[in-house]
Amino acid sequence: MQGRVAIVTGATRGLGAGFAQALGEAGASIAVAGRDREAADTVVSGLREQGIDCDFFATELTESSDIQKLLERTIDRFGRADVLVNNAGACIHAPALDVTAEDWQHVMDVNLNALWMCCQTIGRHFVQQKHGVIINIGSMSGIIVNRPQWQPAYNASKAAVHQLTRSLAAEWGQFGVRVNALAPGYIKTDMSPVDDPRYRQNWIEDAPLKRYGVVEELAPAVLFLASDASSFVTGSVLVADGGYTVF
Ligand code: NDP
């Protein structure tokens, strides 16, 4: 990834911070996008200590003007943009009859509408330069329905991310732009309380590997999709879920 520049949304913590780390270790410069400045400072200083070239760009991803600014600031700072990892996301647990209009809108705004705006704004740049890679972080929730917690908005948003990925891959392959999705299973982060005993049976015992994953196990999949190692891969949804979706 030497000489390449990757924009990672939601890189202030969780999976995004791990993806930034893996891409940086492989030589890429990293534009860290998110809202939490304090968390971003910790991520950026950690990456810089390892010699990784990176910067934080405060971005409210539900604002299209912020996304345009993110692209412009990335190019100003690093001179180019080659990879977009659309990782930022939100999840609300609630049975369908209890989901409020605000909660539905919030999940769709972050998981689908913001991701779409990032794809369109930064994808336009990739199409113009006839080169670029987009990795959309979907979820196994776009394939199966999680339990025991109900999360209909999240599940619908991630299924849409997978199909949007295929749609963009179909359109932009001719311009040298690859678009793939990664569909993780349960990975330990703030979003996934994998140690909560209430979830042990359904989340852990029901999975073939009988455990949750950690970001260090997931990040190589992003590196694969971001790099030339996957030069013939586009329109794919790569499932990394400890086997959860086989049942
Ligand atoms: P976290 O809740 O730990 O992190 C979410 C990240 O998204 C934060 O960095 C946050 O940044 C950013 N973010 C959220 N909303 C916005 C916004 N409006 N504008 C800018 N940034 C925003 O989640 P995970 O790391 O667990 O999840 C990352 C992705 O992986 C998500 O898309 C999630 O759906 C997906 N995923 C996660 C799984 C898991 O088990 N953990 C399983 C399957 C998929 P900030 O705090 O700075 O606003």
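So, a few notes on the structure that sits alongside this text.

## A look at the sheet that holds strand S5 (residues 132-137)
Point 1. Spatial ordering of the open sheet is given by S3-S2-S1-S4-S5-S6-S7, a layout of seven strands whose pairing is parallel. A single partner strand is all that each edge strand has here, and the edge strands are strand S3 (54-58) and strand S7 (237-240). Neighbouring strand axes in the sheet, compared pairwise and without regard to direction, differ in orientation by 20° on average.
Point 2. Bridge count between strand S6 (residues 177-184) and S7: four bridges; the pairing is parallel. Of the residues in S7, the one forming a bridge with Leu 182 is Leu 238.
Point 3. Helix H2 (residues 37-49) rests against strand S2 (29-34) and S3 of the sheet, and its axis sits at about 170° to S3.
Point 4. Of the strands in this sheet, strand S4 (83-86), S5, S6 and S7 touch helix H7 (residues 215-226), which is tilted by about 165° from S6.

## Remarks on the site of the ligand
Point 1. Lining the immediate surroundings of the ligand are 28 residues, of which Arg 35, Asn 87, Tyr 154, Thr 189 and Ser 192 lie closest.
Point 2. At 2.9 Å from an oxygen atom of the ligand is found a side-chain nitrogen or oxygen belonging to Lys 158.
Point 3. Within the contact set of the ligand, an oxygen atom lies 3.4 Å away from a backbone nitrogen or oxygen of Gly 185.
Point 4. Across the complex, the protein chains shield 95% of the 890 Å² of accessible surface that the ligand would expose by itself.
Point 5. Judged by the fraction of its atoms near the pocket grid, the ligand is located in the largest pocket.

Conventions and cut-offs
- Residues numbered from 1 in each chain as written.
- Predicted model: local features only at pLDDT ≥ 70, side-chain atom pairs only at ≥ 80, totals over all residues.
- Heavy atoms only, no water.
- Pairing = 2+ DSSP bridges.
- Helix = DSSP H or I, 4+ residues; strand = E, 2+ residues; numbered from the N terminus.
- Axes fitted to C-alpha atoms, helices over the stretch in contact; angles between N-to-C directions.
- Contact = heavy atoms within 4.5 Å.
- Near = heavy atom within 4 Å.
- Polar contact = N/O pair within 3.5 Å; in protein donor to acceptor, adjacent residues only side chain to side chain.
- Areas by Shrake-Rupley, 256 points an atom, 1.4 Å probe, with all protein chains shown as cover.
- 1 Å grid on protein atoms, 1.4 Å probe; cavity = no way out; pocket = protein on both sides within 12 Å on 5 of 7 lines; lining within 4 Å.
- Sits in = over half its atoms within 2 Å of the grid points.

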